[in-house]
Every structure is written in C-alpha cells, then in structure tokens.
Amino acid sequence: MSVTIIQDLAFGDCGKGKVSHFLAQTHDIGLRFNGGPNAGHTIMWGSHKIVTHMLPATALLGKPSYLVPGVLVDPERLAKEVEELKKLKINTDLFWVDYRCPVILEEHRIRDQETGQKVGTTGSGIGPCLADQMNRVGLRYHQINNQPLQSLDTIQLIRWYLNSGRSILCEGAQGHFLDIWHGTYPYVTSSLCTTGAVCTNAGIPPQKIDRVVGVFKAYMTRVGNGPFLTEDKSFLAEKISLVGQEIGATTGRKRRIGWLDLMSLIEACQFNGVTELVITKADVLNNFNKVLLCDNHLGWEGNKTPHYIEFDGWKNLQDIKFFRFIEFIEKTTKIPISFISTGPRTEEMIERK
Ligand code: IMP
Ligand code: MG
C-alpha cells in the first residue's frame, strides 16, 4: 500500500504531466483531486504528444483512473479527451467520475470570460462553477444525461483499493501559489491546490500518505496576472521562453518568465510536506553563461525586492556546475532531489540514488 502525491510548488506548468506519466508506471491507480479543465498536463512519449485537461496520467496506461469530488467536470471537454484516448486504443472502461463532482456549464464559461479578466483566468468556467457549488445551487455529475464516463462513489472504491494494498498516485493540478487560500489572492484559481486536498477531496486520511513529490522548474513561469517577484523581462527571459516553449497548454498564452525563487520554494515544500523533489526543464538553461537564484527577499510586505546569487551556467546536465546548482537547492530546502528531468519526453528522467 502506498499513496504518492504530485504537487507543483509554484504557479503550475512545472511539468507535472510528464512526472505523473513517469510515476504512473509504478502505481496501480491514479486520481485527479483538484482543479478542472483549466489544467493542461503535457505528456510526450513514443510518437505521441497528448495534453490532458481532465484525466490523470494513469489513464494513458489504461489503469483505473478517477476524478474525485472537488474536480470540476466539463462534460464536453471530458468526452473529447476520452475519445482521443480511445483512438489510441486505450481501454477507458476503468475510468470513473465521482457522482458529486460539480459540472461546468456553458453559462459558467461565459460568466468566467466576462468576470475573470482582471485575474486573467483560463476562461474554463472554474470560478462561476465553484461559486454555484458554494451557493448550493450547482449541478452535480450524477444529474446529467450523456455522461462521458460512468458515475460512481469513488471514495468507497479508493478506500477499498487502499485496504487491499494497492498503490495510488494523486496527481495535483495548478500549483501551490494558485491556491484559493494560500496563493497570491485574488490572482489565484478558485480551488484547493495544496496536498491537503487529497485528504479533503479524495478521502485519503493524512497518515496514509507516504510520498509527496514536489515538482519545480529550474526557473519560474506564471500565466495570467498577479505578483511574480523574480519576473525577468530581459533578453534572457525571451531566450528561456523560446527554448522552453513556454506557452500555456490550455489557453496558448505566453507565460511570464522569472528566476527560481528559493524562498517561495521552501515555503511550498514546508506547507505541503514535500518528501522529495523533482527538478524539470534545467536543460532549457544549458549554455547560459549565468543562472540566477533568488535566495532572499529584501524590504517589507508590499515592497519586496529579490536578492540573487549567481551560478555559473552549465553546458549540459552532467556538468559539475549543474550539480553545484542543485546541491545548493537541496542544502537550503533540506529535501533530496530524487529525479532530474532531462527533456520533455517521459523517458528523459534520471533517478538519483
Ligand atoms: P482559472 O483557474 O481559470 O480561474 O484561472 C485563475 C488563475 O490561475 C489564472 O492566472 C490562470 O492563468 C491560472 N491557472 C489556472 N490553471 C492553471 C494551470 O493549470 N497552469 C497554470 N496556471 C493556471
Ligand atoms: Mg499546465
């Protein structure tokens, strides 16, 4: 028996799709426990490139895959995704949606596109749909006709799996600083984006959680509006944007670019109980002369500036200079980096012993 959570430690888009697909191979079942079709998890393996918005990565392996309460379901988007997987000859019989999941309707998307502009939402209807849920007037999955996937009490099923010794992969969406309570309010999404949501939404008790895999990029990005202390607008950011193809997977918007902020990384690790780290997209910084890392925030609330330390750039991810960078991160977070992602494809992953 084991429960693993995949948690983004910043503003989303750290490569969770790839990491989830990699870890899905060693887990029996998978679930999405937060967010909705605003998520865009890009997975590249073999000759395929797939962006999932609703289903967890275990679905690509045909393993039992669930959407638990707290995941907002857009039936049209879900139907499209299921069709796409069927075309790849993936058996979708073992995919289920909890009967309590709130349903996103056309009117939610329209309202979101009007009211979400200040925040710069994805326009997927997340805020208005959750508002209806909180007002207790929202539609739930079991009430709709033409369900793309069967409706079920996933909580009972997950408990059964837990008690029969299976391993469960909980794939988080968005990122810590987009959380409705702990993010950069009001520039946040409307759902829960921290590991606690696995307990509250998937009904998995805290003491059953074994691993919290915190995923972060070697630099940072943010789509939509809101504070971003280490944001960079120089030619270096432009280069990162280009090499890293930093374009939103859901909306096609250009992502804002910045340097890695260790202070926020430490906060997210502590908050979410991260037990190991995965660094992604460090290969994007190959052949940079220097790489900056923010190790302190100077000033006071509302008027903070980042303090940077400068690292020598690395030629490739075998370069000793890269190891100086990640060893510094391990030393300051006090958490081991167990995997290094070396490229966009699922198999491009190095395990560190
Ligand atoms: P919403 O979730 O569509 O309401 O958007 C609220 C904020 O969260 C906006 O800044 C979005 O760009 C951001 N956001 C929502 N989902 C994601 C995601 O999966 N990755 C990155 N940013 C996201
Ligand atoms: Mg994304």
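Below is a short write-up of the structure. (Residues numbered from 1 in each chain as written. Chains lettered and ligands numbered in written order. Predicted model: local features only at pLDDT ≥ 70, side-chain atom pairs only at ≥ 80, totals over all residues. Heavy atoms only, no water.)

Overview of the coordination of the magnesium ion (ligand 2)
Note on metal geometry: ideal angles are 109.5 degrees for four donors arranged tetrahedrally and 90 or 180 degrees for six donors arranged octahedrally. Coordination of the magnesium ion (ligand 2) by the protein is provided by D13 (OD) and G40 (O), with metal-donor distances spanning 2.1 to 2.5 Å. Taken together, the positions of D13 in the loop between β1 (2-8) and α1 (16-24) and G40 in the loop between β2 (29-32) and β3 (41-45) put the pair 27 residues apart, joining distant regions of the chain. Relative accessible area serves as the criterion here: at 22%, D13 is assigned to the partly exposed category. A relative accessible area of 16% places G40 in the buried class. (Donors = N, O, S within 2.8 Å, 3.2 Å for Na, K, Ca; no water. Helix = DSSP H or I, 4+ residues; strand = E, 2+ residues; numbered from the N terminus. Buried < 20%, exposed > 50% of the residue type's maximum accessible area, 1.4 Å probe, protein only.)

Quick look at the side chain of D132
With respect to the helices and strands, the residue D132 is situated in helix α4 (residues 126-134). Among all residues touching D132, those that are not within four sequence positions of it are E107, H108, R111, V137 and G138. (Contact = heavy atoms within 4.5 Å.)

Points about the pairing of β1
Each regular strand carries side chains that alternate between the two faces of the sheet. With six of seven residues buried, β1 is to be regarded as a mostly interior element. Note: β1 against strand β8 (residues 167-171), five bridges, orientation parallel. Among the inter-strand pairings, V3 is bridged to a residue of β8, identified as I168. In the sheet, β1 pairs with strand β9 (residues 211-217) via five bridges, with the strands oriented parallel. Residue pairing for β9: I5 is matched across the bridge by V212. (Pairing = 2+ DSSP bridges.)

Section: the site of ligand 1
With respect to spatial proximity, 17 residues lie near ligand 1, and among them N38, T122, T189, V223 and R253 are the closest. Between ligand 1 and D13, the relevant distance is 3.3 Å, taken from a nitrogen atom to a side-chain nitrogen or oxygen of the residue. With respect to ligand 1, the side chain of T122 contributes an N or O atom lying 2.6 Å from an oxygen atom. Relative to its unbound accessible surface of 470 Å², ligand 1 loses 97% to contact with the protein. Taken together, the residues of the shell around ligand 1 sort by class into seven nonpolar, eight polar and two charged. (Near = heavy atom within 4 Å. Polar contact = N/O pair within 3.5 Å; in protein donor to acceptor, adjacent residues only side chain to side chain. Areas by Shrake-Rupley, 256 points an atom, 1.4 Å probe, with all protein chains shown as cover. Nonpolar A, V, L, I, M, F, W, Y, C, P; charged D, E, K, R; others polar.)

Re the nonpolar core
Where a protein is soluble and globular, its nonpolar side chains tend to be buried together. Ranked by internal contacts, the top residues of the largest apolar core, which has 59 residues, are L31, I279, F325 and I329. In this structure, L31 is in contact with P56, Y66, V68, I158, I168, L169, C170, E171, A202 and I204, ignoring residues within four places of it in sequence. Core analysis: the second largest hydrophobic core is formed by 21 residues, A57, A59, C101 and V103 among them. (Core = buried A, V, L, I, M, F, W, Y, C linked by side-chain atoms within 4.5 Å.)

Notes on unusual backbone geometry
Leaving glycine aside, a negative phi is the common case for residues, and trans is the common case for peptide bonds. Of note, the bond from Y185 into P186 is cis; its omega dihedral lies within 30 degrees of zero at 5°. Its location among the elements puts P186 in the loop between β8 and α6 (196-202). The phi dihedral of K89 falls on the positive side, at around 65°, and the residue is not glycine. Along the chain, K89 turns up in the loop between α2 (75-87) and β6 (95-98). Positive phi, normally seen in glycine, also occurs at K334, with a value near 65°. Mapped onto the fold, K334 is located in the loop between α9 (320-333) and β15 (337-341). Accessibility expressed as a relative area gives 73% for K334, which makes it exposed.

Describing the environment of I329
In this structure, I329 sits in helix α9. For I329, a relative accessible area of 0% puts it in the buried group. The contacts of I329, once residues within four sequence positions are left out, are F216, L260, L262, L265, I279, L293, K334 and I337.

Here we look at the packing of helix α8 (residues 262-272) against α9
The N-to-C vectors of α8 and α9 enclose an angle of 50°; their axes lie 10 Å apart at closest approach. On the basis of their axis angle, the class for α8 and α9 is oblique. In this structure, α8 meets α9 at a crossing whose hand is right-handed. Of α9, the residues touching α8 (which contributes L262, L265 and I266) are F328, I329, T332 and T333. Its residues placed into classes, the contact of α8 with α9 shows five nonpolar, two polar and no charged. (Axes fitted to C-alpha atoms, helices over the stretch in contact; angles between N-to-C directions. Parallel < 35°, antiparallel > 145°, perpendicular 65-115°, else oblique. Left-handed = near helix turned anticlockwise from the far one by under 90°.)

A word on the packing of helix α3 (residues 106-115) against α4
Packing of α3 against α4 leaves a shortest axis separation of 7 Å and a crossing angle of 120°. Relative to α4, the element α3 is oriented oblique. On α4, the residues touching E107, H108, R111 and D112 of α3 are I126, P128, C129 and D132. Its residues placed into classes, the contact of α3 with α4 shows three nonpolar, one polar and four charged.

Things to note about the sheet that holds strand β11 (residues 256-261)
Pairing within the open sheet is mixed, and its four strands lie in the order β10-β11-β13-β14. Looking at which strands have only one partner, the edges of the open sheet turn out to be β10 (219-222) and β14 (303-312). Strand after strand, the sheet turns through a mean of 50° between neighbouring axes, direction not considered. As judged from the four bridges shared by β10 and β11, these two strands associate in the antiparallel manner. Residue Y219 lies in a different strand from β11, and its bridge partner there is W259. Across the sheet, helix α7 (residues 235-243) touches β10, β11 and β13 (290-300), and the angle it forms with β11 is around 100°.

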